[in-house]
Amino acid sequence: MRKNIVAGNWKMNTTLQEGVKLATEVNEALKSRTPNCDVIIGVPFTHLASVKAVIGDNLGLSAENCADHEKGAYTGEVSAAMVASTGAKYVILGHSERRQYYGETSEILKVKVEMAFANGLTPIFCIGEVLEERENGTYFDVVKSQIEDALFGFSAEDFGKIVLAYEPVWAIGTGKTATADQAEEIHAFIRNTIAEKYGKEVAENTSILYGGSCKPSNAKELFAKPNVDGGLIGGAALDAESFMGIVDAF
Ligand code: PGA
């Protein structure tokens, strides 16, 4: 069966020292719990190795991006192999901020997913519509295309390794959360889309996280929905107590 997952996405926040402190706090808080979900923190590249050194095996580590090339003359880029060499096991790909500000297209993302697979990293692949697409009702098509274009070229076996994160862009960092019913509607649609392509078993085994202003006060209601398998958490992951409050929602 699919896993429940709560993953933090720190984005471009915390210095190295602040990040190590936060990771230490999350790690300590986890020690006194037996969570009903996998817990992951997604941290800046600069923090990966130092964070890995202060966390235990029960706390997963993720990068927030990786390059779409294997290695070589790509000044400033960080490869999937480099990420994996820090001990990180996950990589967040296709976040709406990467799509919007750094021009990441489905073609680029497909290559990044290949790079992740080639280096044993689990992609946490983000999809989601902007406000206009929500309001004009095209969000089903938008989300379907994002999945189809970047991911449906992979074998069922490879697709089965991907964690999906549905993040409506209008809910990210805005304080406006999708209602639990809105999340369930689109998550069920996503699962159905996967089932049509890869069959029911693959679809049932795919973890689909919700992201967008998820916090301790709304996580329980969201996670109670049958097709919501956890959360990708931005702002609320920057404080160990609020992050653990979301973990405790399971
Ligand atoms: P948020 O961000 O929780 O701050 O809305 C979520 C995300 O972008 O992953």
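This text follows the structure it describes.
In this text, all values refer to a predicted model and were calculated from it rather than measured experimentally.

**Side note on the layout of surface pockets**
Then, number 1: Its boundaries defined by the atoms lining it, the largest pocket holds a volume of some 440 Å³.
Then, number 2: Along the walls of the largest pocket sit 15 residues, with K11, M12, E64, R98 and Y102 positioned nearest its centre.
Then, number 3: Considering every element that reaches the lining of the largest pocket, the biggest residue donor is helix α4 (residues 96-101), with 3 residues.
Then, number 4: Taken together, the residues that form the lining of the largest pocket break down as 7 nonpolar, 4 polar and 4 charged.

**Quick word on the pattern of salt bridges**
Then, number 1: Counted according to the given criterion, the structure contains 14 salt bridges.
Then, number 2: Across the salt bridge formed by R2 and D229, the nearest N and O atoms sit 2.8 Å from each other. Of this pair, R2 sits in the segment before β1 (5-9) while D229 sits in the loop between α11 (216-223) and β8 (230-233), and the two are 227 residues apart along the sequence.
Then, number 3: Judged by its relative accessible area of 16%, R2 is buried.
Then, number 4: For the salt bridge of E25 with K21, the shortest nitrogen-to-oxygen distance reads 3.2 Å.

**Re the packing of α11 against helix α12 (residues 240-247)**
Then, number 1: The interhelical angle for the contact between α11 and α12, taken along N-to-C directions, is 20°, at an axis separation of 8 Å. With respect to α12, the element α11 is oriented roughly parallel. Like other packed secondary-structure pairs, α11 and α12 cross with a definite hand, here right-handed. Between α11, through P216, A219 and F223, and α12, the contact on the second element is made entirely by S242, G245 and I246.
Then, number 2: Among the residues forming the contact of α11 with α12, the class breakdown is 4 nonpolar, 2 polar and no charged.

Definitions and cut-offs
Residues numbered from 1 in each chain as written. Predicted model: local features only at pLDDT ≥ 70, side-chain atom pairs only at ≥ 80, totals over all residues. Heavy atoms only, no water. 1 Å grid on protein atoms, 1.4 Å probe; cavity = no way out; pocket = protein on both sides within 12 Å on 5 of 7 lines; lining within 4 Å. Points joined across faces, edges and corners; volume = space filled by probe spheres on them. Helix = DSSP H or I, 4+ residues; strand = E, 2+ residues; numbered from the N terminus. Nonpolar A, V, L, I, M, F, W, Y, C, P; charged D, E, K, R; others polar. Salt bridge = Lys/Arg side-chain N within 4 Å of Asp/Glu carboxyl O. Buried < 20%, exposed > 50% of the residue type's maximum accessible area, 1.4 Å probe, protein only. Axes fitted to C-alpha atoms, helices over the stretch in contact; angles between N-to-C directions. Parallel < 35°, antiparallel > 145°, perpendicular 65-115°, else oblique. Left-handed = near helix turned anticlockwise from the far one by under 90°. Contact = heavy atoms within 4.5 Å.

Take it as geometry only, folks, not as evidence of what the structure does.
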